[in-house]
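Residue-level listing of the chains:
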Amino acid sequence: VMESLFPPELCTTDMAVLIVLMQSIGRVISRGSILRLAGIDHCGVRRCDTAIVSLRKVLGTESIVTVRRRGWMLTQEGVNRAVELYGPSLPTTATG
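Residues numbered from 1 in each chain as written. Predicted model: local features only at pLDDT ≥ 70, side-chain atom pairs only at ≥ 80, totals over all residues. Heavy atoms only, no water.

A. Fine view of unusual backbone geometry. In this model, R69 sits at a positive phi of 65°, which is unusual for a non-glycine residue. You can see R69 is positioned in the loop between β1 (64–67) and β2 (71–74). (Helix = DSSP H or I, 4+ residues; strand = E, 2+ residues; numbered from the N terminus.)

Below, the structure written as structure tokens:
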């Protein structure tokens, strides 16, 4: 099977959630914070869960850690994969 030359497309909402996670590297971020910071707080609360599932499909199952009763956190593997797929132009809090 030949791998596509182009990264998988993310819908606007999923990309917004990925950007929020990239800006929160090393921190657990709650569903409410993701919804607010991604600008999707007008959506149902489960929209965030759907975005996390989509991102795990694209970045890998180990890319986002669930911290029970607190939220989610992007792993270093997730950061590396996101940058590999979508470029170093993704906003991040990581310092070089």
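And the narrative resumes.
B. Just the pairing of β2, in detail. As judged from the 4 bridges shared by β1 and β2, these two strands associate in the antiparallel manner. Bridge pairing in β2 places V65 opposite M73. The turn linking β1 back onto β2 is made up of 3 residues, and R69 within it adopts a positive phi angle of 65°. (Pairing = 2+ DSSP bridges.)

C. Structural detail: the pattern of salt bridges. Throughout the structure, instances matching the rule amount to 4 salt bridges. For the salt bridge of R31 with D49, the shortest nitrogen-to-oxygen distance reads 2.8 Å. With R31 in helix α2 (residues 31–37) and D49 in helix α3 (residues 46–59), this pair connects stretches of sequence that are 18 residues apart. One salt bridge connects D49 with R46, and the closest N-O pair in it is separated by 3.0 Å. With D49 and R46 both in helix α3, this residue pair falls 3 residues apart, about one helical turn. (Salt bridge = Lys/Arg side-chain N within 4 Å of Asp/Glu carboxyl O.)

D. Representation of the nonpolar core. With 26 residues, the main nonpolar core has V17, L18, L21 and I34 as its most contacted residues. At the level of elements, α1 (12–22), α2, α3, β2 and α4 (76–86) are the ones that each hand at least two residues to this core. Setting aside residues no more than four positions away along its own chain, L21 makes contact with I29, I34, I52, L55, I64, W72 and L74. (Core = buried A, V, L, I, M, F, W, Y, C linked by side-chain atoms within 4.5 Å. Buried < 20%, exposed > 50% of the residue type's maximum accessible area, 1.4 Å probe, protein only. Contact = heavy atoms within 4.5 Å.)

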